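# An overview of the molecular structure
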Amino acid sequence: MMVSRGLFGWSPPHVQPLTPVSEVSEPPESPSPYADPTAEGGGGGDDGGVGPAGEEDEMDEAEPPPAAVPFKHLFKCADRLDWGLMVVGGVAAACHGLALVVYLHLFGKAINLLEEQDRNLLFHQIKERALYFLYIAIGVFIAGWIEVSCWILTGERQTAVIRSKYVQVLLNQDMSFFDTYGNNGDIVSQVLSDVLLIQSALSEKVGNYIHNMATFFGGLAIGLINCWQIALLTLATGPFIVAAGGISNIFLHRLAENIQDAYAEAASIAEQAILYVRTLYAFANETLAKYSYATSLQATLRYGILISLVQGLGLGFTYGLAICSCALQLWVGRSLIVKGKANGGEVIVALFSIILSGLGLNQAATNFYSFEQGRIAAYRLFEMISRSTSTSNNSGKTPESVQGDIEFRNVYFSYLSRPEIPILSGFYLTVPARKTVALVGRNGSGKSSIIPLMERFYDPTLGEVLLDGENIKNLKLEWLRSQIGLVTQEPALLSLSIKENIAYGRSATSDQIEEAAKTAHAHTFITSLPNGYDTQVGRAGASLTDEQKIKISVARAVLSNPSILLLDEVTGGLDFEAEKSVQDSLDVLMLGRSTVIIARRLSLIRNADYIAVMEEGQLVEMGTHEELVGLNGLYCELVRCEEASRLPKRTPSRTSKELQLEESILPEPSMAKSPSLQRTHGGSGFVPAFRSSDANNQNSSSPHSPPSEDNNNNNPTTTPLFDSKPPDLPRIETAAQNRNNSFESKLPDLPKIETSQTLNRNLSNPSDPESPISPLLISDPQSERSHSKTFSRRLEIRATQPPRTDSDANSSSKPPSFWRLAKLSLAEWLYFLLGSVGAAVFGAFNPLLAYIIALIVAAYYRIGARDIHTEVNRWCSLIVGMGVITVVANFLQHFYFGIMGEKMTERVRRMMFSAMLRNEAGWFDAEENSADALSMRLANDATFVRAAFSNRLSVFIQDLAAVVVALVIGMLLQWRVALVALGTLPVLTCSAIAQKLWLLGFSRGIQEMHQKASSILEDSVRNIYTVVAFCASDKIMDLYTHQLDLIFTKSLLHGLLIGLGFGFSQFLLFACNSLLLWFTAHSVHNGHLSLVTALKEYTVFSFVTFALVEPFGLAPYILKRRKSLRSVFEIIDRTPKIDPDDSAGLKPPNVYGRIEFKNVDFHYPTRPEISVLSNFSLKITNGQTIAVVGVTGSGKSTIVSLIERFYDPVSGQIMLDGRDLNLFNLRWLRSHMGLVQQDPVIFSTTIRENIIYARHNATESEMKEAARIANAHHFISSLPHGYDTHVGMRGVDLTPGQKQRIAIARVVLKNAPILLLDEASSAIESESSKVVQEALDMLVMGNKTTVLIAHRAAMMKHVDCVVVLNGGKIVEQGTHDELVRLNGLYVKLMQPHFKGLRPHRFM
């Protein structure tokens, strides 16, 4: 009898215990910067903040249930064919569900044959029953095939219709919809997950529900027909068993939520550490990260052990009560038999029919959750499908020709998602036909809203937008957009070929596309690609540079041949060479077209026909560049602001008179230390003559005030953007003094700089709090020590470098052995022992219970029993005793194996995380080692180790005990039948594996097929503005529909194959039982065994069928998880190419800062075919400041990575103070370097912890001094919570400029003798950039060795040496003035920053 081991269907929920690495490090001196502690008093608007658990529960209870559609509405997209498939699939599912009940009824009839005395007649009747079983097997095969195939097909058909309707509506929404719900792809991923929920609910879950309900009603009917008394008694005891499981399930559900919340904190710590691994390495804070992660895992461990406790008790009482209930039914059955009201077969069938009925009901109930999720998902999708599409006019006028006169007349506008914020307020603008107008203004001035209004993504709240005198609301929308060409800084490329991306929904020949590409200067690079115009791009294809993407975008605009051109800061993110190339393309495109340029870099638009200056949604100035400069208004202020941030002034410490005299003197070129960096009074420091103020504190009431940076107009080497001097420029001294006074009055907590006497006094006492030069900026090699005592040790010289082994060669390609897994749990051997005893006892009870039931059945028929009362009473008492022992056995098994598994998961997680943070930075460059991938592996792979070992070991011991006891009983009774049962084992294994795969859900097999379709849709939604602007919605819809057609064709075959496999697996299950029954009857007929022995043999082996199969059924699970197991131990066992734990590395007491590159060759590990540095040599003396410039990809940033030893050179040497970098202890080396990255890394914690991340033992005054130097103290102090302000996830609550200053403060606090600055301010807007630049000026004032990687012209003029890279080699080297006179590559790179050097129209 094939009875599932989970009596009454209660089985534990799938709780994936969550878990940790080797030793836990000593706690650090300060709180972890990774943790995301809940702010006191509630989380305010912070999503991450979680209140007390009680409050959360109350909130959850108060929440209304989510809206859902009625169940029948799930099928609203079904057509006649779908209804036909569902009816046929439903009938097949019902037949399949009834098969096991019918089998049980026939088995009861076979038991009644025990009364038959004629052996030949008995043999023929049992053979007949075996044949019936075979017929059932054939019927199940056909029903299973039809059931699965029909439900898969109808599910795919219906969801394809839902997908198409959703996408059709989505692509036709107004832009306000995307403003409200976002256009970052979440809408698409939501529809993907929602459709899968609907598909699961209306296909496989409905079929599964019908199947199980047929089993429920069939079992109930068969039980009542055979023996209604036993059936009712079994039903009466059922609620007690269900209650035992239900109570434990309630606790398990709560604990499962708690354990997920507990691991979320650990996961956040791990993700931030991996995501910002270069910052973590640069500050040598691996120990802090490991300790934080290990500490946060302890809560997970505690909840996991509690889950094991509840699970053990819940299962114990459930199974114990079920066994005692069984004893009760068998004991009552004796009375019924004695009174002649039933026979033995009827009692047994009634008992197990009701049990089977309960199992069916329980399994059917598990589908309700899926139905509910499907109904909720359907509500979300159907609500979207029922939304009205764009209300724009598609039946307006279509003028025959377009002149291109554009007028904004008294326009008021605010976004629908933010109606309270006015964007335009009474805005007027006229763009004459075929003229170019550039719009400029501060952030938030409203300039970016002009393009969407012109494209009619939105309509004005009030006012009109006119084209050739006609309100654009009266024009046909598709025609209007066809007249406009849009080119943006972030071009939208779909996951299609280049040819299709240029056409972008328009009908065009190959010749037209090629011509457009040639005009856009894109033809050359496209034809150089292997597949030319057929090269796939986007996320699924080749990666293109920003320059190449923009050229494709320009080609797209050329192909549309627009009358009007809208350019949104097209070249803002490109380097100078790429910028020049793209600008050439744009110059051709703009000829003869009305053009509107949204400009953030003013140097690019000075040749525009008109420049319109916006402020607070209004036009405040308009004219040519020269006219606006002459006005000396807002435009003039913006230009000065940009120029000041681009070329910051670093001056030597002189008096104001000396400064005034030096303004007009050109400094002599020199390779020695520049005057701006020369030490005064013995090299103890120097001070700037003045500092510029924070842009945020500018006095808005004086729009004509001079910029807060020294003007350089009298310096012949730095010609600004002005063609004529503004009126106040001659008053340099007064302006400078006013600026200084104004600056100091605004920031009184910053040091004042007055006279040389003050300077002398300050320099003589560097610790004076009023000192303008902080001790943090002074690096004295004689007194330089590591700030952490843990890095200090006696100087040792290593003769040879230990061999570095490649990780790939080192990592084991074989999955870890069982003993390797066992060793991880050796510490828990006692738990293993106790758990194994429980598992073995519980497993052995399975065949023993079957054997005792067979003895009771024999007693019912008085075979070998003298007194039926005595025999049945004895065996029933024994079953009750087994029920009591079952409670204890289950508790031992699940509790102790649970503890063992939790500790193993925790240990593996810690080992994995520690091993990850041991790897060199280059390891994280690989796609499979991204932050998301590694975080996922930490979360999941460790639980796979537990599942493959601890959980499965528990089940294996349990089932092994069942198999061994069954085989022993079988061999003792009759070895022939035992061997046949053993022979059916491989066949039953195949059946169990196939059934398990089916139960995982048959929609999963086709999920991968939807990936390409969803990627097309995601790309479209992310770039919805471009899709709508080029009227490409229909093209997207056609592509998506084509993908769905391909998917359906594949799913048709897929469904038939899965149905065939499932049906065949069910056939094997029944066929094997038929064979066993036939062979048992054959053995009785031949006299090899008695009738009662035959009954015992067959009952025992029928009972343990599942126990026999399950150990082998685990094989696919283990095989499936072998990759996860292998990945875990590959991470743990990997030998890093750059070993941070090498204790033999040098730790000298002094660092002087001399750096030398000797013939260095380098390529990145993930791109070995691309050489980055070739035979590169460079000397940097201690205390020298050098700037490295070059085009994108020339190897600038690589220099910083090599000095930090994120990578090692392929060949050559990098020396520090005359020794190879490889000889130094890695963490010691990094502790003496300060790194400021282009994208500042801010951890999700307080500002205080972000700054002291550099040095955990820093005092409060040191931290604030560092913030002052970094120009950060003022803005931090102005925040409500000051330094204790929580910055949000990844610093989302701060502006880029504020984040940059906090990162600079962190480096200042570190006080390292070597500074590495990688494009520290190029990504920030002009006003913020100026403040950041001041902070950088202060940072490099001390006598520290400084390497500045400059992508823009920042601090070029006053560094000691400028190094120009091209193709991984130094092509020019010298001071700024020397390189300008050389007129080589450096001058070309710097052209956009000087007047008149670019011949292009808008440069």
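Here's what I pulled together on the structure shown here. This is a predicted model, so every value here is computed, not measured.

We now examine the overall build of the protein chain. Counting secondary structure elements, the protein chain contains 44 helices and 20 strands. Here the protein chain holds 1403 residues, and the buried ones make up 58% of them. Carbon and sulfur atoms provide 56% of the accessible area of the protein chain, an area that totals close to 56800 Å².

Core analysis: the biggest nonpolar cluster contains 129 residues, and Tyr293, Phe913, Leu938, Phe1157 and Ile1251 have the highest contact counts within it. Setting aside chain neighbours within four positions, we find Phe1157 in contact with Phe1176, Ser1177, Leu1178, Ile1199, Leu1202, Ile1203, Gln1213 and Ile1214. Of all hydrophobic cores here, the second largest spans 83 residues; its members include Ala78, Phe177, Val195 and Met1037.

All chains considered together, the criterion is met by 22 salt bridges. The partner of Arg456 in a salt bridge is Asp459, and the shortest N-O contact between them spans 2.9 Å. Salt-bridge contacts for Arg1248 lead to Glu1260; the nearest nitrogen and oxygen are separated by 2.5 Å. Here Glu1260 lies in helix α39 (residues 1260-1269) and Arg1248 lies in helix α38 (residues 1247-1251), a separation of twelve residues in the sequence. For Glu1260, a relative accessible area of 37% puts it in the partly exposed group.

Another point: helix α10 (residues 344-365). Spanning 22 residues, α10 covers 32 Å between terminal C-alpha atoms, matching the ideal 32 Å at 1.5 Å per step. With 17 of 22 residues buried, α10 is to be regarded as a mostly interior element. Sitting at the amino-terminal end of α10 is Asn343, which places a side-chain oxygen 3.3 Å from the backbone nitrogen of Gly345.

Right, let's get into the sheet that holds strand β7 (residues 564-568). Picture the strands of a sheet paired through backbone hydrogen bonds; they go either parallel or antiparallel. Read from one edge of the open sheet, six strands run β6-β7-β8-β3-β9-β10, paired in mixed fashion. Strand pairing shows two members of the sheet lacking a second neighbour, β6 (484-488) and β10 (618-623), which therefore form its edges. Looking at each pair of strands side by side, their axes are set apart by 20° on average, direction ignored. By the bridge criterion, five bridges tie strand β9 (residues 610-615) to β10 in an arrangement that is antiparallel. When the sheet's bridge partners are listed, Ala612 is paired in β10 with Met622.

Before going further, it helps to examine the sheet that holds strand β2 (residues 424-431). Taken in spatial order, the four strands line up as β2-β1-β4-β5 in an open sheet, and their pairing is antiparallel. Both outer strands of the open sheet, β2 and β5 (470-471), are each paired with one neighbouring strand and no more. As paired elements, strand β1 (residues 406-413) and strand β4 (residues 462-467) share five bridges and run antiparallel to each other. For Arg409, the partnering residue across the bridge sits in β4 and is Glu464.

Under the definition given, this model contains 34 aromatic pairs. Where Tyr103 meets Phe133, the ring centres are 4.6 Å apart and the plane angle is 50°; that geometry is what we call tilted. In this pair, Tyr103 is assigned in helix α2 (residues 80-112) and Phe133 in helix α3 (residues 119-170), connecting sequence segments 30 residues apart. Its relative accessible area of 1% is what places Tyr103 among the buried residues. Plain terms: the ring middles of Tyr276 and Phe1243 are 5.5 Å apart, the flat faces sit at 75° to each other, and that makes the pair edge-to-face. Taken together, the residues span a long stretch of sequence, with Tyr276 in the loop between α7 (228-275) and α8 (277-282) and Phe1243 in the loop between β16 (1233-1236) and α38 at a distance of 967 residues. Phe1243 shares its class with Tyr276; the two are buried. Three or more aromatic residues joined by ring pairs form one cluster here, namely Phe71, Phe75, Trp83, Tyr209, Phe368 and Phe371.

Next up on the list: the pairing of strand β17 (residues 1314-1318). Counting buried positions over the five residues of β17 gives five, a clear majority of the element. Burial along β17 is two-sided: the face carrying Ile1314, Leu1316 and Asp1318 and the face carrying Leu1315 and Leu1317 are both buried. Bridging between β16 and β17 involves four bridges; their strand directions are parallel. In the sheet register, Gly1234 faces β17, and the bridge partner there is Leu1315. Pairing of β17 with strand β18 (residues 1345-1349), which is carried by five bridges, proceeds in the parallel orientation. For Leu1315, the partnering residue across the bridge sits in β18 and is Thr1346.

This brings us to unusual backbone geometry. A positive phi is found at Asn410, a non-glycine position, where the angle reads about 50°. Here Asn410 is to be found in strand β1. Even without being glycine, Asn632 reaches a positive phi, approximately 55°. Along the chain, the position of Asn632 falls in the loop between α19 (625-631) and α20 (634-646). Under the relative-accessibility criterion, Asn632 is labelled buried at 10%.

Among the structural elements, Met1233 can be located in strand β16. Residue class for Met1233 comes out buried when judged on its relative accessible area of 1%. Through-space distance from the C-alpha of Met1233 to that of Asn1311 is 8.4 Å; in sequence the pair is 78 residues apart. Sequence-distant contacts of Met1233, that is, excluding residues within four places in its chain, are made with Ala282, Ile1203, Glu1204, Lys1310, Ala1312, Ile1314 and Leu1316.

Let's shift gears to the side chain of Ser248. Relative to the elements of secondary structure, Ser248 occurs in helix α7. A polar atom in the side chain of Ser248 sits 2.8 Å from the backbone oxygen of Gly245.

Cut-offs used in this document
Residues numbered from 1 in each chain as written. Predicted model: local features only at pLDDT ≥ 70, side-chain atom pairs only at ≥ 80, totals over all residues. Heavy atoms only, no water. Helix = DSSP H or I, 4+ residues; strand = E, 2+ residues; numbered from the N terminus. Buried < 20%, exposed > 50% of the residue type's maximum accessible area, 1.4 Å probe, protein only. Areas by Shrake-Rupley, 256 points an atom, 1.4 Å probe, with all protein chains shown as cover. Core = buried A, V, L, I, M, F, W, Y, C linked by side-chain atoms within 4.5 Å. Contact = heavy atoms within 4.5 Å. Salt bridge = Lys/Arg side-chain N within 4 Å of Asp/Glu carboxyl O. Expected span 1.5 Å × (residues − 1). Polar contact = N/O pair within 3.5 Å; in protein donor to acceptor, adjacent residues only side chain to side chain. Pairing = 2+ DSSP bridges. Axes fitted to C-alpha atoms, helices over the stretch in contact; angles between N-to-C directions. Phe/Tyr/Trp six-rings, centres within 6.5 Å; stacked < 30°, edge-to-face > 60°.

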